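Now for the letters of each chain:
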Amino acid sequence: MSLKFFKPLFDSFSWPLEELNIEQKGVFFSYFLGILALLWFLWFFISNSNKGLPPGPKALPLIGNLHSLDPELHTYFASLSQNYGPIYRLWLGKKIGIIITSPALAREVLKDQDTIFANRDVPAAGREATYGGEDITWTPYGPKWRMLRKVCVRDMLSGSTLDSVYALRKRELRQTINYLYNQAGSPVNVGEQMFLTVLNVITSMLWGGTVKGEERANLGAEFRHVVNEMTELLGTPNVSDFYPGLDWFDLQGVTKKMKVLAKKFDKIFESMIDQRQKLDRKGVVQESKDFLQVLLKLKDEADAKMPLTMTELKALLMDMVVGGTDTTANTVEFAMAEIMNKPDVLRKLQQELDTVVGKDNIVEESHIQQLLYLYAVMKEALRLHPALPLLVPHCPSETVTVGGYSVPEGCRVFINVWAIQRDPSIWKNPTEFHPERFLDNKWDYSGNDFNYFPFGSGRRICAGIAMAERMFMYSLSSLIHSFDWKLPEGETLDLTEKFGIVLKKKMPLVAIPTPRLFNPTLYE
């Protein structure tokens, strides 16, 4: 019996039993065993509910299959599909999990029955982090979600809006390149630097015209700390999610801890909103727009039937900060590691950059459309290491049939995009990093091809694709164009993944940059 999955769950409890005497412990365990026996009988009667469900491993009373889960869920789910097929079920405590590992069945869920599967089963930590699930990730499918999606895609993350804040992106990325230049010859943690860069870019785009100087630097450090703690809590196995009846008790304190972190964000958001409104009242004209300006304007001009509330506005800011940082930074780190592992890929990238940009110039976003090999590298990095390997789980609003099996209303549906994008029946040499496979433009990430959909598909496809693409391409091209990269003496490259809310490198990429441009002033 594997208990690896339970370790973080048990670690998050504080156990008061140690303070009880032997007699008290005996009474406690008598009650405990009585409750177990009662629940066992309940489970016996409920177990008939497996009828019509997809196949799956034998479940234990009460805990279902929780005892056998491996923390590396993406690879564990892929291995189970070898035994139980492209659709199977797991009992996650009282909840049913349906795991899908084939393009045809992914199409059934995300295209053919997209409306039914367009909802989410909101975890307790996610609800607390986003003002009760008022953001675009967790809001149920319907008019409010459509309004939020429209605000994101049309008003915040459209091509024209992203163009208007290019100066902010450029400023932040050039600061990182300057930092790396000053560290030349010394090892740097690539993922950490990319996290800080993306975080600074996103917060600059959110309120770049509002915060200046030292306050901005302090804000960046505070955000990094809070984002790391939040993503850890979102990845903690939580009893409240497996047994919804226990949600109110918050036995592990996950909701309580998340509430503290969410309050820190709320305080920052309130401060930024207050500063922005003061500037607007004074009629101060900013040199470039930021998203906060756009959102406050939308809030004031909103349709009375479907207004954008201040709570929803702050929930969207939360999505941008938490959802946009780790995902992009980790993908760039994986790409850098794969490139360094393949010297011929690094050489081809640098040749392309030297041809398009030149060694007497710096990369601008206007160069990116011409960097076809770099696009292939990005697509291959997203194939091997999709940011959300199981996407965000879907939740059917009614009981439906998928692949000939019953998928019950309210269950959690995991689509293992990581496994599909490494399927040897679809991809030649699937575990090899080979960007050339994307040079024919056959594959894109629009969500229409269910062999390759790293950003998801259907109504709930990632709203930030345009932003992620720009950040990835601009960051990676600047790192590869500006520096040669090598590992510290005696180090070997480790490409092992660590499962979480977002996929991470298990061992951080630490590498040594060496400047390669002709003119030192290009690093200023």
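Below is a short write-up of the structure. (Residues numbered from 1 in each chain as written. Predicted model: local features only at pLDDT ≥ 70, side-chain atom pairs only at ≥ 80, totals over all residues. Heavy atoms only, no water.)

1. Focus: the overall build of the protein chain
Thinking step 1. When you go through the protein chain residue by residue, the secondary structure sums to 18 helices and 10 strands.
Thinking step 2. The buried share of the protein chain, reckoned over its 524 residues, is 54%.
Thinking step 3. Here the contacts in the protein chain between residues at least 6 apart in sequence split such that 76% fall between residues at least 24 apart.
Thinking step 4. Accessible area of the protein chain: about 23800 Å², with a carbon and sulfur share of 56%. (Helix = DSSP H or I, 4+ residues; strand = E, 2+ residues; numbered from the N terminus. Buried < 20%, exposed > 50% of the residue type's maximum accessible area, 1.4 Å probe, protein only. Contact = heavy atoms within 4.5 Å. Areas by Shrake-Rupley, 256 points an atom, 1.4 Å probe, with all protein chains shown as cover.)

2. Quick word on the pairing of strand β2 (residues 95–100)
Thinking step 1. Of all 6 residues in β2, 6 are buried; the element is thus mostly enclosed.
Thinking step 2. Relative to β2, strand β1 (residues 87–92) runs antiparallel, the two being bridged by 6 bridges. Note that in β2 the partner of leucine 90 across the bridge is glycine 97.
Thinking step 3. Remark: 2 residues form the turn of the hairpin made by β1 and β2, two consecutive strands paired antiparallel; glycine 93 in that turn has positive phi of roughly 65 degrees. (Pairing = 2+ DSSP bridges.)

3. Some details on a nonpolar patch on the surface
Thinking step 1. On the surface, Leu246, Trp248, Phe249 and Leu251 cluster together to form a nonpolar patch covering roughly 480 Å² of accessible area.
Thinking step 2. When you line up the elements, leucine 251 lands in the loop between α11 (239–242) and α12 (254–282). (Patch = residues over 30% accessible without salt bridge, like charges linked within 9 Å, V, L, I, M, F, W, Y side chains within 5 Å. Salt bridge = Lys/Arg side-chain N within 4 Å of Asp/Glu carboxyl O.)

4. Notes on the sheet that holds strand β3 (residues 188–189)
Thinking step 1. The 3 strands lie next to each other as β3-β10-β7, forming an open sheet whose pairing is antiparallel. On the outer flanks of this sheet lie β3 and β7 (483–486), each paired with one strand and no other.
Thinking step 2. With 4 bridges joining them, β7 and strand β10 (residues 510–515) adopt antiparallel strand pairing. Note on β10: the bridge partner recorded for lysine 486 is isoleucine 512.
Thinking step 3. Across the sheet, helix α18 (residues 465–482) lies against β7 and β10, angled at about 85 degrees from β7, the strand it touches most. (Axes fitted to C-alpha atoms, helices over the stretch in contact; angles between N-to-C directions.)

5. Points about the side chain of glutamate 497
Thinking step 1. Within the secondary structure, glutamate 497 sits in strand β8 (residues 497–498).
Thinking step 2. A polar contact of 3.0 Å, which involves the side chain of glutamate 497, links it to the side chain of tryptophan 418.
Thinking step 3. At 3.4 Å, the side chain of glutamate 497 and the side chain of arginine 422 are in polar contact.
Thinking step 4. With residues up to four places along the chain from it excluded, the contact list for glutamate 497 reads Glu72, His74, Phe334, Leu384, His385, Trp418, Arg422, Leu503, Lys504 and Lys506. (Polar contact = N/O pair within 3.5 Å; in protein donor to acceptor, adjacent residues only side chain to side chain.)

6. Description of the pattern of salt bridges
Thinking step 1. Going through the model one piece at a time under the given rule, you end up with 25 salt bridges.
Thinking step 2. In this structure, the salt-bridge partner of arginine 276 is aspartate 290, at a minimum N-O distance of 2.9 Å. Of the two residues, arginine 276 sits in helix α12 while aspartate 290 sits in the loop between α12 and α13 (291–301), which places them 14 residues apart along the sequence.
Thinking step 3. For glutamate 365, the salt bridge is made with arginine 470, and the minimal N-O distance between the two is 3.7 Å. Pair noted here: glutamate 365 is in the loop between α15 (343–356) and α16 (372–384) and arginine 470 is in helix α18, with a separation of 105 residues, a long-range link.

7. Structural notes on the sheet that holds β2
Thinking step 1. Spatially, β1-β2-β6 is the arrangement adopted by the 3 strands of the open sheet, whose pairing is mixed. Looking at strand neighbours, the two that pair on one side only are β1 and β6 (412–415), the edges of this open sheet. Strand-to-strand, the axes of this sheet are offset by a mean angle of 25 degrees, without reference to chain direction.
Thinking step 2. Against the sheet, helix α3 (residues 73–84) touches β1, β2 and β6, its axis set at about 120 degrees to β1.

8. A few points about the pairing of β1
Along any regular strand the residues' side chains alternate between the sheet's two faces.
Thinking step 1. The element β1 is largely enclosed, with a buried count of 6 among its 6 residues.
Thinking step 2. Residues of β1 alternate between two faces, with Ile87, Arg89 and Trp91 on one and Tyr88, Leu90 and Leu92 on the opposite face, all of them buried.

9. Points about helix α14 (residues 310–341)
Thinking step 1. Its 32 residues place the ends of α14 47 Å apart at the C-alpha level, agreeing with the 46 Å of an ideal helix rising 1.5 Å per residue.
Thinking step 2. Glycine 324 marks where α14 bends most, by close to 30 degrees.
Thinking step 3. Across the 32 residues of α14, 28 count as buried, placing the element largely inside the fold. (Expected span 1.5 Å × (residues − 1). Bend = angle between axes of the 7 residues up to and from the residue.)

10. Regarding the environment of glutamate 409
Thinking step 1. Within the fold, glutamate 409 resides in the loop between β5 (405–407) and β6.
Thinking step 2. Judged by its relative accessible area of 54%, glutamate 409 falls in the exposed class.
Thinking step 3. For the pair formed by glutamate 409 and proline 396, sequence separation is 13 residues and the distance between their alpha carbons is 5.2 Å.
Thinking step 4. Once residues within four sequence positions are removed from consideration, glutamate 409 is found in contact with Pro396, Ser397, Glu398 and Thr399.

11. Focus on the nonpolar core
Most often, soluble globular proteins have nonpolar side chains that are buried together.
Thinking step 1. Ranked by size, the top nonpolar core spans 105 residues in total, and within it Trp207, Met230, Phe265, Met336, Ile339, Leu476 and Trp485 carry the most contacts.
Thinking step 2. For this core, the element with the highest residue contribution is α14, accounting for 14 residues.
Thinking step 3. Sequence-distant contacts of leucine 476, defined by excluding residues within four places in its chain, comprise Val332, Ala335, Met336, Ile339, Leu374 and Val377.
Thinking step 4. In terms of nonpolar packing, the next biggest core, distinct from the first, is built from 23 residues, Ile96, Val109, Cys411 and Phe450 among them. (Core = buried A, V, L, I, M, F, W, Y, C linked by side-chain atoms within 4.5 Å.)

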